[in-house]
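# Summary of structural features
This is what each chain is made of:
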Amino acid sequence: MLDHFGDVLAFVRVADSGSFTRAAERLGVTRSAVGKSITRLEENLATRLIQRTTRSASLTDEGKLFYEHALRILCEVDDAEATLAERNQTPKGRLRVDLPTAFGRLHVLPVLQRFLQDWPELEADVSFSDDYCDLVSDGIDVAIRIGGPSDSGLIRKVLAPHRLVMCATPDYLARRGLPRTLDDLADHDKIVFTYANGLVPWRYQMGGEARDISVQGALRLSNTEAIRDAVLAGLGVAQLGEFLVGDDIRQGRLIALLPDYVREETPICAVYPTRRHVSPKVRRFVEMLRADWANGAPWI
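What this report covers is the structure whose coordinates are included nearby. Predicted model, so just to flag it, every value in this text is computed and none were measured.

### Side note on the packing of aromatic side chains
Inspection of every chain in the model, using the stated rule, returns seven aromatic pairs. Measuring from centroid to centroid gives 6.3 Å for Tyr204 and Tyr261, while their planes differ by 80 degrees, and the two rings are edge-to-face. Residue Tyr204 is located in strand β10 (residues 202–206), and its partner Tyr261 is located in the loop between β14 (255–257) and β15 (268–273); the two are separated by 57 residues in the primary sequence. With relative accessibility at 3%, the residue Tyr204 sits in the buried group. Looking at Tyr261, the relative accessible area reads 22%, which means it is partly exposed. An aromatic cluster is defined as three or more aromatic residues linked by ring pairs; in this entry it consists of Phe103, Phe243, Trp293 and Trp299.

The following block contains the structure:
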């Protein structure tokens, strides 16, 4: 262990500038103090780090090796200081958020409203879309995503699980019967979600294997909340996100079907562009979402 961290800093400054005098000027100390730091460091390490001449200072082979490690140490210290400084900063300015349409309105917007009340120097621009925007080119600070492609340029923080649930009303099932297998669905009216001019398949877990099954229905809708309304109206069976119908199931307005076939989907995540230091407004907003849902998301 080195007793004097300042000696390491003095060594790096000498290595960077190639001069004891210039290093002393940068550190705001005397040239003699820099020389003593280098001598003390070399004695501690029992090796020569710097070749001294009257005009310059150059690193030995051992000095070059030590410099690489010392520089990483100083960078880590800088990062730690920046991180602590950011934790103490007040979120302010404009927070640009992109949310999935239904999920964002139902579950994220209430949290964001409380977040803005907690930090009055902050304002928010919120866009709603079920497409996956380019956060960098669109200037988005943070987005909430349900599934979607992975991107090495984005940081992902898992917020909550995501499941798709088959459901229908008690009255509809009383008329048409309770399906107990996937084959039984052939005799039921199906309400189908459309996206990008195509029918979205229903997704199941079968025998430990994830399966996507094409489905046809007389009613095809491109909005998941409209599908929920149609199911609640008793028009048929649909597969919807648990976040959308969880409360309906708990209140008995809908009945969850075929529970043995439900599979875990890609979790709901907060994503934001990779940066060396995350801004306080993004970090604190994501922390609030994670804290709110840490003991179980409200729709489960």
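### Regarding the side chain of Asp248
With respect to the helices and strands, the residue Asp248 is situated in helix α8 (residues 242–250). Relative accessible area serves as the criterion here: at 1%, Asp248 is assigned to the buried category. Excluding residues within four positions of it along the chain, Asp248 makes contact with Arg228, Leu232, Arg253 and Leu254.

### Description of the pattern of salt bridges
A full pass over the atoms with the stated rule returns 21 salt bridges. We note a salt bridge from Arg13 to Asp16, for which the minimum N-O separation is 3.9 Å. Of this pair, Arg13 and Asp16 both sit in helix α1 (residues 5–17), three residues apart, roughly one helical turn. When its relative accessible area of 21% is taken as the criterion, Arg13 is described as partly exposed. Judged by its relative accessible area of 38%, Asp16 falls in the partly exposed class. Note that Arg163 is salt-bridged to Glu264, the shortest N-O span being 2.7 Å. Placement of the pair is Arg163 in the loop between β6 (154–160) and β7 (164–168) and Glu264 in the loop between β14 and β15, with a sequence separation of 101 residues. Three or more residues joined by partner-sharing salt bridges are found here, namely Arg228, Asp229, Asp247, Asp248, Arg250 and Arg253.

### What to know about the nonpolar core
Residues Leu95, Phe103, Val142, Ile144 and Phe285 are the most contacted members of the largest nonpolar core, which totals 38 residues. At six residues, the largest contribution of residues to this core is made by helix α5 (residues 101–118).

### Some remarks on the environment of Ser58
Here Ser58 shows up in strand β2 (residues 57–59). According to the relative accessible area criterion, Ser58 is partly exposed, its value standing at 39%. Setting aside anything within four residues of it in sequence, one finds Ser58 in contact with Leu49, Ile50 and Gln51.

### Things to note about empty space enclosed by the protein
This model, assessed by the stated rule, comprises one cavity of 30 Å³ or more. By volume, the largest cavity is sized at about 30 Å³. Elements supplying a minimum of two residues to the lining of the largest cavity: β7 and β10. In terms of residues, the lining of the largest cavity owes the most to one element, β7, which gives three residues. Taken together, the residues of the lining of the largest cavity break down into eight nonpolar, one polar and one charged.

### A word on the pairing of β10
In the sheet, β10 pairs with strand β11 (residues 209–213) via five bridges, with the strands oriented antiparallel. Across the sheet, Gln205 pairs through a bridge with Ala210, a residue of β11. Here β10 hands over to β11 after two residues, with Gly207 in that stretch at a positive phi of 60 degrees.

### Some points on the layout of surface pockets
When its volume is computed, the largest pocket comes out at roughly 860 Å³. Lining of the largest pocket is provided by 36 residues; of these, Tyr132, Ile146, His162, Phe193 and Arg203 occupy positions nearest its centre. Broken down by secondary-structure element, the contributors of at least two residues to the lining of the largest pocket are α5, β5 (142–146), β8 (191–195), β10, α7 (224–232), β13 (238–241) and α8. Residue contributions to the lining of the largest pocket peak at five residues, all from β8. Here the residues of the lining of the largest pocket are counted per class, giving 19 nonpolar, eleven polar and six charged.

Definitions and limits used
- Residues numbered from 1 in each chain as written.
- Predicted model: local features only at pLDDT ≥ 70, side-chain atom pairs only at ≥ 80, totals over all residues.
- Heavy atoms only, no water.
- Phe/Tyr/Trp six-rings, centres within 6.5 Å; stacked < 30°, edge-to-face > 60°.
- Helix = DSSP H or I, 4+ residues; strand = E, 2+ residues; numbered from the N terminus.
- Buried < 20%, exposed > 50% of the residue type's maximum accessible area, 1.4 Å probe, protein only.
- Contact = heavy atoms within 4.5 Å.
- Salt bridge = Lys/Arg side-chain N within 4 Å of Asp/Glu carboxyl O.
- Core = buried A, V, L, I, M, F, W, Y, C linked by side-chain atoms within 4.5 Å.
- 1 Å grid on protein atoms, 1.4 Å probe; cavity = no way out; pocket = protein on both sides within 12 Å on 5 of 7 lines; lining within 4 Å.
- Points joined across faces, edges and corners; volume = space filled by probe spheres on them.
- Nonpolar A, V, L, I, M, F, W, Y, C, P; charged D, E, K, R; others polar.
- Pairing = 2+ DSSP bridges.

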